[in-house]
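# Understanding the architecture of this molecule
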Amino acid sequence: MRFLLLSPLAVNKLRIPNPLVFNLSNSNPLFRFYLGSGVSRTMASFPAEEEGVGIARRCWIKFKKESTFALYTPFLVSLASGTLNLNTFRHYIAQDVHFLKAFVQAYEAAEECTDDDDAKVGIRESRKNVIEELKMHDAVLKEWGIDLVKEFTLNPATAKYTGFLSATASGKIEGVKAAKLATPFERTKLAAYTLGAMTPCMRLYAYIGKELQVFLEGEKIHPYKKWIDSYASEGFQASALQTEDLLDKLSVSLTGEELDIIEKLYHQAMKLEIELFLAQPLVRNAIIPLSKDHNPAEHRLTIFSDFDLTCTVVDSSAILAEIAIITAPKSDQNRPENQIARMSLADLRNTWGDLSKQYTEEYEQCIEKMLLTEKAEKFDYGRLHKTLEQLSDFEKRANNRVVESGVLKGLNLEDIKRAGQRLILQDGCTNFFQSVIRNENLNSDIHVLSYCWCGDLIRSSFSSGGIDGLDVHANEFMFQESLSTGEIVKKVESSIDKVQAFSKILMNCPKDKKNLTVYIGDSVGDLLCLLEADVGIVLGSSSSLRRVGNHFGVSFVPLFPGVVQKQKMCTGVDSSSWNGLSGVLYTASSWAEIHAFVLGS
């Protein structure tokens, strides 16, 4: 249980109404969402578009996942680490020359279609910048003594992208009827479509330049410093912004349907960029994706994940509290004689509030008490484990108070399942688990370890997303004729319970295969499992997790820099380079990062 998530502080962080604070009724939008309004996950997950934000920015935000997938390609990880073979880089530069020539032609076509003088000037300037980049590439190739035509033919990925650019610039767009270009509007629309296919390339390279620039710090010599610096430079950043401004300007008069076409072109271009990076032939093996050299006959990949606020946007205890309050009788007179006795609405509100307040205060006191102990000079798993036993005792006492209070009595199983079906999961979470399950090249297991009071809620949530191939280890409600008795079958109440379940699962795994474990979590309750796993990934930014971890010598490393550092140190691909109990945890900002790291794009 994590009643802490019902505190005003946590609710403010999540930007959702606190079921213990807000006046809930059948008109409450969260109630309609959880219990059967039919509101889609997508509609409920995203806020309204910000007024004044152009199409270029909106597309970049919407397809941010693709930029993460691009960054985590073996080519860019190897380049960032400085271990990329020079011949691979030469091949890439030669392919980029082919690509940039297509870019120049696309700019020329866009300029020809544009009647707006300012837009013409902007496009012309952008084209000149690409021509300068081409000159730089040509100079490098000559310096290397490379004949582009003789030594490097167009590879399929480059040909696919350049063909896409040429087709778009000539008006051959999939699903779009060819325009006659008889009017200024039709010509401007085609120019906008062309820029829609070009802008993501500019923005992606500007992003990559900035992301990789950090790896130049402290390095006396980095073989690809010049390349990284060129894309991180103020000049290139300005060029990317200029291209985005041009796209916004040319799109002002377009309809919603036409903007959708630009969005599709933008997305397609992003995916083609990823294919281009993946097509580069590596001489030295890359350590990612984690599953790349996974042989199902010899290896097993076991993925563990927490549920509340790791997979979900809202804590499950908040959902169950809301269901209880919404469905509570206004008085005992409304209760049929044979139905489980329930608290009145007023009493239920007050009791939930008292429980939440008590939990929050005692949890914070428990964390502070843990931090009063002597700070470890180095990673000390034994002391951390011993100290977390105190937190485990507290969690169990809090659960007992919930059961004894009767607040969970009378919850209908069907209401719980409907709430699970409409539970909003973190962006990318469902796709990750679906991809693991559907990957025939993986011998994998997925286990969810959760403090959640009701495993049915978890199973319903995943099942509605088409995810049925995972094992849920959580507490369970006891039911009488589909109504909760208020009792909980207690299985996973604390960090100690979690790590015991973790160890038991691994102990029962067949010993005939080499096992690689990944644990994904977000709170102090996940710390022991995160550390025991070969790869522990922290999702989110829990301050208590970091404070407790740091106190016992745990290091927190952002995932991408951690991968680059591993690439720099490793001589080949070997899952043994990832080992549990190292005292190092990796932090990720999204499920897209985890997906890219484990599975690739």
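Summary of the structure given here. Not measured: the values here are computed from a predicted model.

## Focus: the overall build of the protein chain
Counting its regular elements, the protein chain contains 25 helices and 10 strands. For the protein chain, the proportion of its 601 residues judged to be buried stands at 55%. Counting contacts in the protein chain only where the partners sit at least 6 residues apart, residues at least 24 apart contribute 79% of the total. As displayed, the protein chain offers around 26,700 Å² of accessible surface, 50% of which is attributable to carbon and sulfur atoms.

## Quick look at empty space enclosed by the protein
A complete count under the given rule lists three cavities of 30 Å³ or more for this structure. The calculated volume of the largest cavity comes to roughly 80 Å³. In this structure, the largest cavity is lined by Asp96, Phe99, Leu100, Phe103, Val130, Glu133, Cys201, Met202, Tyr205, Tyr231 and Phe236. Looking at the lining of the largest cavity, the elements that each hand over two or more residues are helix 7 (86-113), helix 8 (117-143) and helix 11 (184-213).

## Observations regarding the side chain of Ser544
Along the polypeptide, Ser544 turns up in helix 23 (residues 543-551). On the basis of relative accessible area, Ser544 is assigned to the buried category, the value being 13%. Once residues within four sequence positions are removed from consideration, Ser544 is found in contact with Tyr363 and Val524.

## Some thoughts on the pairing of strand 3 (residues 444-449)
Along any regular strand the residues' side chains alternate between the sheet's two faces. Bridge count between strand 1 (residues 299-305) and strand 3: five bridges; the pairing is parallel. Bridged to Phe304 within strand 3 is His447. For the segment spanning strand 3, helix 20 (residues 455-464) and strand 4 (residues 471-473), crossover handedness is right-handed.

## Notes on the packing of helix 10 (residues 156-169) against helix 11
Between helix 10 and helix 11, whose axes approach to 8 Å, the crossing angle comes to 160°. Here helix 10 is positioned roughly antiparallel relative to helix 11, judged by the angle of their axes. On the side of helix 10, the interface is formed by Tyr161, Phe164, Leu165, Thr168 and Ala169, while helix 11 contributes Leu190, Tyr193, Thr194, Ala197, Met198 and Cys201. By residue class, the composition of the contact of helix 10 with helix 11 is nine nonpolar, two polar and no charged.

## Considerations on unusual backbone geometry
Following Ile288, the chain continues to Pro289 via a peptide bond in cis, the omega torsion being -5°. Assignment of secondary structure puts Pro289 in the loop between helix 14 (256-278) and strand 1. Here Glu481, not a glycine, exhibits a phi torsion of approximately 55°, which is positive. Looking at where Glu481 falls in the secondary structure, it is placed in the loop between strand 5 (476-480) and strand 6 (483-489). One non-glycine residue with positive phi stands out, namely Leu581, at about 60°. As for its placement among the helices and strands, Leu581 is situated in the loop between helix 24 (559-569) and strand 10 (584-588).

## Some thoughts on the sheet that holds strand 2 (residues 409-412)
Here three strands make up an open sheet; going across it, the order is 2-6-5 and the pairing antiparallel. Only two strands of the sheet have a single partner each, and these edge strands are strand 2 and strand 5. Averaged over neighbouring strand pairs, the angle between their axes works out to 55° when direction is ignored. Here strand 5 runs beside strand 6; their pairing, made up of four bridges, is antiparallel. Considered in strand 6, the bridge of Gln480 is made with Leu483.

## Quick look at the sheet that holds strand 1
The strand order across the open sheet built from seven strands is 4-3-1-7-8-10-9, with neighbouring strands paired in parallel fashion. The sheet terminates laterally at strand 4 and strand 9 (555-558), the two strands that pair on one side only. The mean inter-strand angle of the sheet, taken between neighbouring strand axes irrespective of direction, is 25°. In terms of strand pairing, strand 9 meets strand 10 through four bridges, oriented parallel. Counterpart to Phe556 in the pairing with strand 10 is Leu585. Sheet strands touched by helix 19 (residues 429-438): strand 1, strand 3 and strand 7 (514-521). Its angle to strand 3, the strand with the most contacts, is close to 145°.

## What to know about the layout of surface pockets
Empty space within the second largest pocket amounts to approximately 350 Å³. When contributions to the lining of the second largest pocket are tallied by element, the ones reaching two or more residues are helix 10 and helix 14. The element best represented in the lining of the second largest pocket is helix 14, accounting for eight residues. Each residue belonging to the lining of the second largest pocket can be placed in one class, and the counts come to six nonpolar, four polar and six charged.

## Observations concerning the pairing of strand 10
Extensive coverage of strand 10 is indicated by the burial of four of its five residues. Relative to strand 10, strand 8 (residues 535-539) runs parallel, the two being bridged by three bridges. In the sheet register, Leu539 faces strand 10, and the bridge partner there is Ala588.

## Digging into the environment of Ala167
Considering the arrangement of structural elements, one finds Ala167 in helix 10. For Ala167, a relative accessible area of 21% puts it in the partly exposed group.

## Quick notes on helix 24
For helix 24, the full list of buried residues reads Leu559, Phe560, Gly562, Val563, Val564, Lys566 and Gln567. Its buried side turned inward, helix 24 meets helix 5 (64-71), helix 6 (74-81), helix 11, strand 9, strand 10 and helix 25 (591-598).

## Regarding the pattern of salt bridges
With the rule as written, the count across this model stands at 21 salt bridges. Ionic pairing is found between Asp116 and Lys249, a salt bridge with its closest N-O pair at 3.8 Å. Within this pair, whereas Asp116 is found in the loop between helix 7 and helix 8, its partner Lys249 is found in helix 13 (residues 234-251), the two being separated by 133 residues in sequence. With relative accessibility at 34%, the residue Asp116 sits in the partly exposed group.

## Section: the side chain of Asp534
Here Asp534 shows up in the loop between helix 22 (527-532) and strand 8. Lacking a salt bridge, the buried Asp534 has Lys514 as its closest oppositely charged neighbour, with an N-O distance of 8.8 Å. At a separation of 3.5 Å, a polar atom in the side chain of Asp534 contacts the main-chain amide nitrogen of Gly580. When residues no more than four places from it in sequence are discounted, the contact partners of Asp534 are Asn515, Leu516, Thr517, Trp578, Asn579 and Gly580.

Basis of the calculations
Residues numbered from 1 in each chain as written. Predicted model: local features only at pLDDT ≥ 70, side-chain atom pairs only at ≥ 80, totals over all residues. Heavy atoms only, no water. Helix = DSSP H or I, 4+ residues; strand = E, 2+ residues; numbered from the N terminus. Buried < 20%, exposed > 50% of the residue type's maximum accessible area, 1.4 Å probe, protein only. Contact = heavy atoms within 4.5 Å. Areas by Shrake-Rupley, 256 points an atom, 1.4 Å probe, with all protein chains shown as cover. 1 Å grid on protein atoms, 1.4 Å probe; cavity = no way out; pocket = protein on both sides within 12 Å on 5 of 7 lines; lining within 4 Å. Points joined across faces, edges and corners; volume = space filled by probe spheres on them. Pairing = 2+ DSSP bridges. Right-handed = clockwise from strand over helix to strand, strands pointing away. Axes fitted to C-alpha atoms, helices over the stretch in contact; angles between N-to-C directions. Parallel < 35°, antiparallel > 145°, perpendicular 65-115°, else oblique. Nonpolar A, V, L, I, M, F, W, Y, C, P; charged D, E, K, R; others polar. Salt bridge = Lys/Arg side-chain N within 4 Å of Asp/Glu carboxyl O. Lys, Arg positive; Asp, Glu negative; His and termini not counted. Polar contact = N/O pair within 3.5 Å; in protein donor to acceptor, adjacent residues only side chain to side chain.

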